[in-house]
Amino acid sequence: VQLEAPQIINDALVRLMREIVDVEGPISVPRLARLVVRCHRLTRVSDARLARLRALVPTDLRRDDVDGFVWPATRDPLRWKGYRSSANLKERPLDDVATLEIANAAIDIARTAMGISLDDLLRETVRTFGGTRVTTANRDRLSRAVDYGVDTGRITVKAGIVMPI
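Please read these numbers as outputs of a predicted model, since none were measured by experiment.

(A) Representation of the overall build of the chain in the model. Scanning the chain for helices and strands turns up 6 helices and 5 strands. Reading the secondary structure of the chain in the N-to-C direction produces α-α-α-β-β-α-β-α-α-β-β. Over its C-alpha atoms, taken along the principal directions, the chain stretches across nearly 65 × 30 × 20 Å. By the burial criterion, 42% of the 165 residues in the chain qualify as buried. Surface accessibility of the chain: about 9,600 Å² in total, with carbon and sulfur atoms responsible for 51%. Of the side chains in the chain, 27 bear a positive and 22 a negative charge, and the two mean positions are spaced by 3 Å.

Here it is in structure tokens:
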């Protein structure tokens, strides 16, 4: 059976996506699309290109229920307790960091500190990912991650103090 050119291209894009997810995952779909585009020496991800690449993300790859990040087959979003710190938020902004990963970092910080004020926790967490200050946009993302930690029973917040459970 002879494959048509578009199918060959799609198959190559899917293979590339799998490789990127294996190395970078968990990864947001927009970041995945940006990396695929860069591999082809392009710089811009138009809405149409993003939609096309989004449709090609292999359905057998895991997606988390929190924000739809794509996970490598070897990493279970519900069991993974790790996180990857970053030297610079410009390289990997918090929007490109899975809520579960931010929550894991915040939980680790609260555990190490044996309790920490919520404001200090947010500051330390943003530093873990290469930030220098908690902006309004970062605060929202960080707060959602702390809420996730509370909702999953891994931390508690009482009187503004975050404690590990």
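Next, the rest of the story.
(B) Up close: the side chain of Asp96. Along the polypeptide, Asp96 turns up in the loop between strand 2 (70-71) and helix 4 (99-113). Owing to a relative accessible area of 6%, Asp96 belongs among the buried residues under this scheme. Side chain to side chain, Asp96 and Ser28 meet in a polar contact 2.9 Å long. Residues within four places of Asp96 in sequence aside, it is in contact with Ser28, Arg31, Arg34 and Phe69.

(C) Layout of helix 4. Its 15 residues place the ends of helix 4 21 Å apart at the C-alpha level, agreeing with the 21 Å of an ideal helix rising 1.5 Å per residue. Counting buried positions along helix 4 yields 11 of 15 residues, so the element is predominantly enclosed. Buried residues of helix 4: Thr99, Leu100, Glu101, Ile102, Ala103, Asn104, Ala105, Ala106, Ile107, Ile109 and Ala110, and no others. If you follow the buried residues of helix 4, they end up packed against strand 2, strand 3 (116-117), helix 5 (118-128), helix 6 (136-151), strand 4 (155-158) and strand 5 (161-164). Directly beyond the C-terminal end of helix 4, a positive phi value near 55 degrees is found at Met114.

(D) Structural detail: the pairing of strand 4. Taken together, the 4 bridges between strand 4 and strand 5 define a ladder with antiparallel strand orientation. Paired with Ile155 across the bridge in strand 5 is Pro164. Taking the residues between adjacent antiparallel strands as the criterion, strand 4 and strand 5 are bridged by 2 residues, where Ala159 takes a positive phi near 55 degrees.

(E) Structural context of unusual backbone geometry. With omega at 5 degrees, the peptide bond leading from Gly25 into Pro26 counts as cis. Checked against the element boundaries, Pro26 lands in the loop between helix 1 (5-24) and helix 2 (29-39). Non-glycine residue Met114 carries a positive phi angle of around 55 degrees. Locating Met114 in the fold gives a position in the loop between helix 4 and strand 3. Notably, Ala159 is not glycine yet its phi reads approximately 55 degrees, a positive angle. Assignment of secondary structure puts Ala159 in the loop between strand 4 and strand 5. Residue class for Ala159 comes out exposed when judged on its relative accessible area of 85%.

(F) The environment of Ala110, seen in detail. Structurally, Ala110 is set in helix 4. Linking Ala110 and Val162, residues 52 residues apart in sequence, is a C-alpha distance of 6.3 Å. When residues no more than four places from it in sequence are discounted, the contact partners of Ala110 are Gly115, Ile116, Leu121, Ile155, Val162 and Pro164.

(G) Summary view of the pairing of strand 5. Across 2 bridges, the pairing between strand 3 and strand 5 is antiparallel. Paired with Ser117 across the bridge in strand 5 is Ile161.

Rules used throughout
- Residues numbered from 1 in each chain as written.
- Predicted model: local features only at pLDDT ≥ 70, side-chain atom pairs only at ≥ 80, totals over all residues.
- Heavy atoms only, no water.
- Helix = DSSP H or I, 4+ residues; strand = E, 2+ residues; numbered from the N terminus.
- Buried < 20%, exposed > 50% of the residue type's maximum accessible area, 1.4 Å probe, protein only.
- Areas by Shrake-Rupley, 256 points an atom, 1.4 Å probe, with all protein chains shown as cover.
- Lys, Arg positive; Asp, Glu negative; His and termini not counted.
- Charge placed at Lys NZ, Arg CZ, Asp CG, Glu CD.
- Polar contact = N/O pair within 3.5 Å; in protein donor to acceptor, adjacent residues only side chain to side chain.
- Contact = heavy atoms within 4.5 Å.
- Expected span 1.5 Å × (residues − 1).
- Pairing = 2+ DSSP bridges.

That's the geometry; what it means functionally is another story.
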